[in-house]
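Architecture and fold: a report
Here is how the chains run, residue by residue.
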Amino acid sequence: MTEVPHLSAERWAGKRLLITGASGFLGYHLATAFARIKGVRLTLLSRRMPEYLQFVPDAKAVCVDLLDRASTLAFMKDEEFDYVIHLAGKIDQGVWPGVYQEQFRLHVETTMNLTDAFIDRPIERFIHVGSSMEYGNAPYPQKIDARENPLSAYGASKLAASKLVLARAHSENLRAVVVRPFLVYG
């Protein structure tokens, strides 16, 4: 198999990466994949610090609650990153009183606090990881111009966070992109 140039070790060696939500499924597996690339300077950020994060080789694990704006900005003030991969959040497809408030806090408020820390800062890219749930029951295969139609608090809050990132990229020169992975399981 040929190597994809933008995923090559040469591209990432020496880069400073921040992965938020590092204690989650995607965050942990992404962290372990990047840890295998020699020379990557990896910082793993999580609201809680599970024991297994200490086993990611050569990574700095940091406990910061992104809902706490002051703590988020204080930590980011003295740190420099080339790439930020924002995965923090909580999947909850439930319907219960307060689910919308919780999901919007966990996705939109944390994204606002985090993007505030990187406005007017020299980063190569802020990568916001959205969700296929932003599309709801859209017909497959989905195309790049498919209309979002979330059907849950989770989908709506992830869409709002994605749109926030894209708006800030447009209006405030945040070097950002939104990715929406499909069929993630493990």
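The structure under discussion appears in the preceding block.
Described in the following lines is the structure provided in the data block. (Residues numbered from 1 in each chain as written. Predicted model: local features only at pLDDT ≥ 70, side-chain atom pairs only at ≥ 80, totals over all residues. Heavy atoms only, no water.)

1. Looking at the pattern of salt bridges
Condition: When a carboxyl oxygen of Asp or Glu is within 4 Å of a side-chain nitrogen of Lys or Arg, the pair counts as a salt bridge. Secondary structure elements are defined from DSSP: runs of H or I of at least 4 residues count as helices, runs of E of at least 2 residues count as strands, and each element is numbered from the N terminus. Classification of residues uses two cut-offs on accessible area relative to the type maximum, computed with a 1.4 Å probe and protein chains only: under 20% is buried, over 50% is exposed, and between them is partly exposed.
Summed over the entire model, instances satisfying the criterion amount to 13 salt bridges. Between Glu-79 and Lys-60 there is a salt bridge, with the nearest N and O atoms lying 3.0 Å from each other. With Glu-79 in the loop between α3 (69-77) and β4 (83-86) and Lys-60 in strand β3 (residues 59-63), the pair connects residues that are 19 residues apart, well separated along the chain. With a shortest N-O distance of 2.6 Å, Glu-134 and Arg-180 are connected by a salt bridge. Of the two residues, Glu-134 sits in the loop between β5 (125-129) and α5 (153-172) while Arg-180 sits in the segment after β6 (176-179), which places them 46 residues apart along the sequence. When its relative accessible area of 0% is taken as the criterion, Glu-134 is described as buried. Because the salt bridges share partners, they merge into one network encompassing Arg-69, Asp-116, Arg-168 and Glu-172.

2. Quick notes on the pairing of strand β1 (residues 16-20)
Which entries qualify depends on this criterion: In this analysis, strands are considered paired if DSSP registers two or more bridges between them. A clockwise path from the first strand over the helix to the second, with the strands pointing away from the viewer, defines a right-handed crossover.
Burial analysis of β1 places 4 of its 5 residues in the buried class, the great majority of the element. Where β1 and strand β2 (residues 41-46) come together, 5 bridges link them in parallel fashion. Looking at the pairing, Leu-18 lines up with Thr-43 of β2. At this point the chain moves from β1, through helix α2 (residues 25-35), to the parallel β2, and the crossover so formed is right-handed.

3. Notes on the side chain of Ser-23
This is how it is decided: We define a polar contact as two N or O atoms separated by no more than 3.5 Å, with the added condition that, inside protein, one atom must be a possible hydrogen donor and the other a possible acceptor, whereas residues neighbouring each other in sequence contribute only through side-chain atom pairs. Should any heavy atoms of two residues lie within 4.5 Å, those residues are counted as being in contact.
Mapping Ser-23 onto the fold places it in the loop between β1 and α2. Within the local environment of Ser-23, its side chain forms a polar contact with the side chain of Ser-46, the two groups lying 2.8 Å apart. Leaving out residues up to four positions away in the same chain, Ser-23 has contacts with Ser-46, Arg-48, Pro-50, Tyr-52 and Leu-53.

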